[in-house]
Each structure stands twice: as C-alpha cells, then as structure tokens.
Amino acid sequence: AQSVTQLDSQVPVFEEAPVELRCNYSSSVSVYLFWYVQYPNQGLQLLLKYLSGSTLVKGINGFEAEFNKSQTSFHLRKPSVHISDTAEYFCAVRAGNNRKLIWGLGTSLAVNP
Amino acid sequence: GAGVSQTPSNKVTEKGKYVELRCDPISGHTALYWYRQSLGQGPEFLIYFQGTGAADDSGLPNDRFFAVRPEGSVSTLKIQRTERGDSAVYLCASSSGLAGADTQYFGPGTRLTVL
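Basis of the calculations
Residues numbered from 1 in each chain as written. Chains lettered and ligands numbered in written order. Predicted model: local features only at pLDDT ≥ 70, side-chain atom pairs only at ≥ 80, totals over all residues. Heavy atoms only, no water. Helix = DSSP H or I, 4+ residues; strand = E, 2+ residues; numbered from the N terminus. Buried < 20%, exposed > 50% of the residue type's maximum accessible area, 1.4 Å probe, protein only. Contact = heavy atoms within 4.5 Å. Polar contact = N/O pair within 3.5 Å; in protein donor to acceptor, adjacent residues only side chain to side chain. Salt bridge = Lys/Arg side-chain N within 4 Å of Asp/Glu carboxyl O. Pairing = 2+ DSSP bridges.

Asker: Can you explain the environment of A:T86? Please cite residues and give values.
Answerer: All names here are of chain A. Here T86 shows up in the loop between β9 (73-78) and β10 (87-95). For T86, a relative accessible area of 29% puts it in the partly exposed group. When the C-alpha atoms of T86 and V37 are compared, they prove to be 9.6 Å apart, with 49 residues separating the residues in sequence. When sequence neighbours within four positions are dropped, the list of residues in contact with T86 reads Y39, P40, L109, A110 and V111. Engagement of the side chain of T86 in a polar contact is seen with the backbone oxygen of I83, the distance being 3.0 Å. For T86, the side chain forms a polar contact with the main-chain nitrogen of V111, separated by 3.0 Å.

Now the structure itself:
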C-alpha cells in the first residue's frame, strides 16, 4: 500500500521569504507524484507533477519540486512567496497502474506581510 | 463549461435520508473519480469510472454508498440512510483516461452536512 506524509501541518512565513513544504511517500512500486493547491473556498488545482525524467519539476506560480527517489521525498519550494500564495497545499501519489490518488493531510501555508 | 461542475454546492439533510450528488466532467474525459474530504484531512478516494463502468470501487466505505455513470459522462453519487459521519466535502475529478499519469481536474465539491 502507498502512503503520503506531509511533515508540516502549518507553515507561517513572511512575504518575499523562501518556503519549502515537505512531502514523503512510501510505495513498493514506481510512482507518479503531484502537488495540488486549494485556495480558500476554491477547488483543488494542480501545481505540478512528476512523471519521469528530470527530477526537478517546475509548476505554476513560481513553484518547483524535486523528486528524490532515495529519500522518497517530493518537497515543494518557492524562492519568494506572496500574500496570494496563502492556501492549503496537498501532496499526492499515484502508484503504478493504479488510478487513484493517495493524499497527504495537507500543509496550510500562511504568508504574512 | 470548461471545468468539472458539481451540484448542489451545499446539501443539508437529516440523518437517515437519501441524497444524490451530481458531477459533470470535462467534455471528452473518459475517466471520472469521486473523493471525500473531511475537515482537516486530505481527500480520500471513493470510486473511479472508466467510461460507464466502475473500474475501482475499493474506496466506497460501505454498501450505503453507490455511484453510477450510465452514459459515460455525468455521474451521480448516491448515499442511502445518511449518517452524521458522512458529513464531508465530496469531490469529483475527471481526466482524459489516457495511459500514464493523466492529470485529474477537480470540481469545486459538494459540501454535505448530515444533521
């Protein structure tokens, strides 16, 4: 079975500071990895995904993530955050030919002025 | 519309009642998914359709939950004899269904409250 652990439930940060949201997964088969963002009162939106190839993946709104197979991690980063980045961020994994997404509990990013 | 739509946006019902939640996927998407998100949790998989058939219903919690997609487009999630523990946001997603890691696009969800 697969599982996803988001190590931080809440991350407060000041505007223009860098941020890293951590995600670790466990799986006995190959995986596809995703980060979704949920803005207040909105639906889930895909930020970025890792399928194969380059381990550094760039997404929307200046976010990027790095797949580290040996550490089974897929941490999300942004070099300089904005107030508008305040949202809930979810890491998810799909394993092999299985279609369902397995999700972490989410990390609440609060960007303060 | 261009995205996944779900109706109603909010549903309040009483314990023991029957409810139906509707999902309209993105046009042309053959795969459709239902998830449930409880407060403070990540989404939890319920069921996945490829076309008209349920390809994976392993996430349905019990036989009170049932979903259909009779024409391979719109899907309805049906919950019988609702319980207070069924209160959650029910999310629908669709994808192209092509091989590989096709992206799941989510609707805004239906917030179900069971009193």
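Asker: Outline the pattern of salt bridges, listing residues and values.
Answerer: Residue and element names in this part refer to chain A. According to the stated counting rule, one finds 9 salt bridges over all chains in the structure shown. The salt bridge involving K78 is made with D85; its shortest N-O contact spans 2.8 Å. For the pair K78 and D85, a shared accessibility class is recorded, and that class is buried. Via salt bridges that share partners, E20, E66 and R77 belong to a single interconnected network.

Asker: Residue-level account of the pairing of strand β6 (residues 53-56) of chain B, with values.
Answerer: All names here are of chain B. Of the strand pairs in this sheet, strand β5 (residues 44-50) and β6 are connected by 3 bridges, and their pairing is antiparallel. Note on β6: the bridge partner recorded for Q50 is G53. Taking the residues between adjacent antiparallel strands as the criterion, β5 and β6 are bridged by 2 residues, where G51 takes a positive phi near 70°.

Asker: Tell me what's going on with the pairing of strand β7 (residues 65-68) of chain B, and back it up with residues and numbers.
Answerer: All names here are of chain B. Residues F65 and A67 point to one face of β7 and are all buried, whereas F66 and V68, pointing to the other face, are not buried. Taken together, the 4 bridges between β7 and strand β8 (residues 75-79) define a ladder with antiparallel strand orientation. Each residue of the ladder has a partner; that of F66, found in β8, is K78.

Asker: Before we move on, could you go through unusual backbone geometry and cite the residues and values that matter?
Answerer: B:P8 follows B:T7 through a cis peptide bond whose omega is -10°. Take B:P8: it is sitting in the loop between β1 (5-7) and β2 (10-13). Located in the positive-phi region is A:N41, a residue other than glycine, with phi close to 60°. Judged by its relative accessible area of 84%, A:N41 falls in the exposed class. Non-glycine residue A:N61 carries a positive phi angle of around 60°.

Asker: Break down the side chain of B:T13 for me, with residues and values.
Answerer: All names here are of chain B. Within the fold, T13 resides in strand β2. In this structure T13 comes out as buried when scored by relative accessible area, which is 9%. Filtering out sequence-adjacent residues up to four positions away, T13 remains in contact with V19, T82, L112, T113, V114 and L115.

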